[in-house]
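# Commentary on secondary and tertiary structure
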Amino acid sequence: MKHNFGAGPGILPHEVLKQAAEGVLNFNGTGLSILEISHRSAEFESVLDEAVSLVKELFNVPEGYSVLFMQGGASSQFALAPYNLLPDGGKAAYVETGVWANKALKEAKLFGQVEIVATAKESNFTYIPKDFTIPKDAAYIHITSNNTIYGTQMKEFFKSPIPVVCDMSSDIFSRKVDVSDFGLIYAGAQKNMGPAGVTLVIIKNDILGKVDRKIPSMFNYQVQIEGGSMYNTPPCFAIYVSMLTLRWLKAKGGVAGIEQDNIAKAKALYTEIDRNPLFKGVCAVEDRSHMNVCFVVENPEHEKPFLKYCDEKGIVGIKGHRSVGGFRASIYNALPITSVHVLIDAMQEFQENNK
């Protein structure tokens with residue numbers, strides 16, 4: 001058995017994979033594959049409708065917001081957010097908490113002025129900045145809720161006088177969130193919602209229409225809203241698997257239920273990291289992510305042997321990002337706590353063998 005701690009594309013529920021595989025061969029008894037049915041068919045429209053409905057239900061999306069399923073990944077949204085929201089000559093505020101936040105602000109500079117209101121760069125992003133002033137003359141403020149590479153997470157969100165744009169790619173649906181605090185939420189599906197190939201966008205309708213530039217139809221949020229995520233052929237299979245995953249999440253007790261599971265998984269693993277003298281955490285305790293647990297060995301000579309030991313135990317995907325090294329255990333929604341305990345057992349056994 002494999003225990004998949006990969007950072008992304010991440011683990012999906014086994015029952016979802018089984019249902020998706022069946023849909024590839026024979027979707028809902030049609031005799032056709034989900035890969036080959038028309039996106040304009042009643043069968044696929046029902047999939048899209050259910051996916052949108054589940055997002056609204058599970059995240060308690062208020063009236064006045066639209067839910068979109070778009071292509072291009074979160075990296076496209078780095079550009080689409082300022083393209084649609086930042087007027088020519090205007091200013092946007094960014095909180096720099098890691099690689100992805102940095103990539104997002106670089107894209108925004110193509111459309112207007114960017115003010116970095118807070119950064120943790122000087123510490124190699126080991127904490128979340130908290131004391132900063134939001135410029136009221138900015139079109140929006142952009143944040144990244146969870147940082148996969150560095151293992152930090154915003155545990156609380158602030159009230160803002162300007163729209164908040166949030167990249168929730170790596171912790172979407174992992175915890176309760178007040179959507180009304182945000183003007184725009186976007187998330188690549190491949191951590192907690194589905195496979196790579198589709199990106200969820202939740203946008204407050206009244207923040208649109210504030211820029212004068214002409215926006216190509218494919219990149220225009222308003223056009224996508226009016227087209228119901230089907231201005232062009234959508235990524236049907238990725239949306240289908242996302243819908244199945246959201247069904248699974250609902251059956252698990254929804255976001256509130258999975259949040260408690262995630263808290264328990266993170267607590268167990270961080271407790272072992274803090275207890276075991278061979279390992280140590282790398283970021284501020286109060287900002288430790290419940291999705292991506294980053295840690296290192298006290299003795300660098302133990303790094304490769306521990307990775308080999310984990311591989312022998314069927315533990316995969318825990319090697320840290322190449323830019324920071326060490327280890328990264330991604331404990332997304334679908335990872336069972338039993339896999340976390342397998343990793344903890346491996347850490348304890350490795351300690352016993354290396355006294």
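Scroll up to find the structure this text is about.
Residues numbered from 1 in each chain as written. Predicted model: local features only at pLDDT ≥ 70, side-chain atom pairs only at ≥ 80, totals over all residues. Heavy atoms only, no water.

Bringing the packing of helix α7 (residues 254-275) against helix α9 (residues 337-353) into the picture now. One can describe the packing of α7 onto α9 by two numbers: an axis separation of 9 Å at closest approach and a directional angle of 5°. For the element pair α7 / α9, the angle class is roughly parallel. Listed contacts from α9 to Ala264, Lys265, Ala268, Leu269, Glu272, Ile273 and Arg275 of α7 are Ile337, Val340, His341, Leu343, Ile344, Met347, Gln348 and Gln351. Class assignment of the residues belonging to the contact of α7 with α9 gives a composition of nine nonpolar, three polar and three charged. (Axes fitted to C-alpha atoms, helices over the stretch in contact; angles between N-to-C directions. Helix = DSSP H or I, 4+ residues; strand = E, 2+ residues; numbered from the N terminus. Parallel < 35°, antiparallel > 145°, perpendicular 65-115°, else oblique. Contact = heavy atoms within 4.5 Å. Nonpolar A, V, L, I, M, F, W, Y, C, P; charged D, E, K, R; others polar.)

Bringing the nonpolar core into the picture now. By size, the foremost hydrophobic cluster in this structure holds 87 residues, and its most contacted members are Phe59, Phe69, Phe173, Ile202, Phe306 and Leu343. Counting residues per element, this core draws most heavily on helix α6 (residues 236-251), which supplies ten residues. In this structure Phe306 touches Phe279, Phe295, Ile318, Phe327, Leu343, Ala346, Met347 and Phe350, once residues within four positions along its chain are discounted. One finds Phe78, Leu86, Ala108 and Phe111 within the second-largest nonpolar core, a separate group that totals 28 residues. (Core = buried A, V, L, I, M, F, W, Y, C linked by side-chain atoms within 4.5 Å. Buried < 20%, exposed > 50% of the residue type's maximum accessible area, 1.4 Å probe, protein only.)

Another aspect to go through is the environment of Met154. Assignment of secondary structure puts Met154 in the loop between β7 (152-153) and β8 (164-167). Residue class for Met154 comes out buried when judged on its relative accessible area of 4%. Apart from the residues lying within four places of it in its own chain, the contact partners of Met154 are Val95, Ile128, Ile143, Thr144, Ser145 and Arg175.

Over its twelve residues, helix α1 (residues 14-25) extends 17 Å from the first C-alpha to the last, a length consistent with the 16 Å expected when each residue adds 1.5 Å. Among the residues making up α1, those that are buried are Val16, Ala20 and Gly23. An end-on view of α1 places all buried positions within 60° of arc, on one side of the element. Set apart from the buried face of α1 by more than 90 degrees, the exposed residues are His14, Lys18 and Leu25. Among the structural elements, α6 are those in contact with the buried residues of α1. (Expected span 1.5 Å × (residues − 1). Arc of directions from axis to C-beta.)

Mapped onto the elements, Glu107 comes out in helix α4 (residues 99-108). C-alpha separation for the pair Glu107 and Ser75, spaced 32 residues apart in sequence, amounts to 9.2 Å. When near neighbours in sequence (up to four residues on either side) are disregarded, Glu107 contacts Phe78 and Ala79.

A sheet is described by the order of its strands in space; here three strands give the open sequence β11-β12-β14, paired in antiparallel fashion. Strand pairing shows two members of the sheet lacking a second neighbour, β11 (279-281) and β14 (327-330), which therefore form its edges. Strand-to-strand twist of the sheet, defined as the mean angle between neighbouring strand axes without regard to direction, takes the value 35°. The pairing of strand β12 (residues 292-297) with β14 spans four bridges and is antiparallel. Paired with Phe295 across the two strands is Phe327, which belongs to β14. Along the sheet, helix α8 (residues 303-312) makes contact with β11, β12 and β14, crossing β14 at roughly 30°. (Pairing = 2+ DSSP bridges.)

What follows covers the sheet that holds strand β9 (residues 184-188). Read across the open sheet, the seven strands follow the order β2-β10-β9-β8-β5-β3-β4; overall the sheet is mixed. Lying at the two open borders of the sheet, with one neighbouring strand each, are β2 (65-70) and β4 (113-119). Taking the axes of each pair of neighbouring strands and ignoring which way they run, one obtains an average angle of 20° across the sheet. Judged from the three bridges that link them, β8 and β9 form a sheet pairing that is parallel.

A two-sided burial pattern is seen for strand β5 (residues 141-144), the buried positions comprising Ile141 and Ile143 on one face and His142 and Thr144 on the other. Sheet topology note: the strand β3 (residues 91-96)/β5 ladder contains two bridges and is parallel. Note that in β5 the partner of Ala93 across the bridge is Ile141.

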